[in-house]
Amino acid sequence: MSTLTAKQRAKLPPKAFGLPEKARTKKARQASGNYPMPDRRHAISALTRSERERERGNLTKDEYKRIQRKAKKMLRGKKKRSK
């Protein structure tokens with residue numbers, strides 16, 4: 001996975017997170033549990049981490065579905081095209 005520093009994560013807009021309502025402030029964006037998805041690798045990570053956290057009971061069914069939907073949408077939209 002590509003490295004995302006705390007400063008870079010704080011500069012991301014809330015819409016770049018799986019749960020944007022948990023990422024409204026810079027301090028909140030630096031905290032864990034809001035699934036940043038600025039690129040393909042982070043979207044893949046969000047998919048797997050949200051599955052694990054759902055199994056552990058740390059995500060509601062609605063939060064899980066929203067993260068999955070957003071990550072899959074991002075992965076579909078950014079495919080590399082071969083010539």
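Conventions and cut-offs
- Just so you know, the residues in each chain are numbered from 1, in the order the chain's sequence is written.
- Given that this is a predicted model, residues contribute local features only at a pLDDT of at least 70 and side-chain atom pairs are listed and counted only at 80 or more, while totals for whole chains, interfaces and linings are drawn from all residues.
- Side-chain calculation: all heavy atoms of the structure are included, whereas hydrogens and water are not.
- For the purposes of this entry, the term helix denotes a DSSP run of H or I that reaches at least four residues, the term strand denotes a run of E that reaches at least two, and both are numbered from the N terminus.
- Relative accessible area decides the class of each residue, using a 1.4 Å probe on protein chains only: under 20% of the type maximum gives buried, over 50% gives exposed, and in between gives partly exposed.
- Nitrogen and oxygen atoms within 3.5 Å of one another constitute a polar contact, given that in protein one can donate a hydrogen and the other can accept it, and given that sequence-neighbouring residues count only through two side-chain atoms.
- Two residues form a contact once any of their heavy atoms are found within 4.5 Å.
- One speaks of a salt bridge when a side-chain nitrogen belonging to Lys or Arg is within 4 Å of a carboxyl oxygen belonging to Asp or Glu.
- Buried Ala, Val, Leu, Ile, Met, Phe, Trp, Tyr and Cys residues form a nonpolar core when they are joined through side-chain atoms within 4.5 Å.
- To estimate the expected span of a helix, count its residues, drop one, and scale the result by 1.5 Å.
- The directions from the helix axis to the C-beta atoms form the arc being described.

A. Representation of the side chain of E63. Within the fold, E63 resides in helix α4 (residues 61-77). Of the residues examined, E63 reaches a relative accessible area of 14% and is grouped as buried. Within the structure, E63 has its side chain in polar contact with the backbone nitrogen of T60 (distance 3.1 Å). For E63, the residues in contact, after removing those within four places along its chain, are L19, K22 and N58.

B. Broad picture of the pattern of salt bridges. Counted according to the given criterion, the structure contains 5 salt bridges. Its salt-bridge partner being E63, residue K22 comes within 3.6 Å of it at the nearest N-O pair. Highlighted residues: K22 in the loop between α1 (6-11) and α2 (26-30) and E63 in helix α4, separated in sequence by 41 residues. Residue K22 is classed as partly exposed on the basis of its relative accessible area, which comes to 37%. The residue R52 makes a salt bridge to E53 at a minimum N-O spacing of 4.0 Å. Through salt bridges with shared partners, one network takes in E21, D62 and R66.

C. How the structure looks around the nonpolar core. Judged by nonpolar contacts, L19, Y35, M37, A43, A46, L47, L59, I67, A71, M74 and L75 together constitute the single largest core of 11 residues. Of all the secondary-structure elements, those providing two or more residues to this core are α3 (40-56) and α4. If near-sequence neighbours (up to four positions away) are discounted, L47 is found in contact with Q68, A71, K72 and L75.

D. Focus on unusual backbone geometry. Non-glycine residue Y35 carries a positive phi angle of around 55 degrees. For Y35, the location among the structural elements is in the loop between α2 and α3.

E. Representation of α4. Its 17 residues place the ends of α4 24 Å apart at the C-alpha level, agreeing with the 24 Å of an ideal helix rising 1.5 Å per residue. Buried residues of α4: E63, I67, Q68, A71, M74 and L75, and no others. Projected down its long axis, α4 shows its buried positions confined to an angular sector of 135 degrees, all on one face. More than 90 degrees from the buried face of α4, the exposed residues found are K61, R69, K73, R76 and G77.

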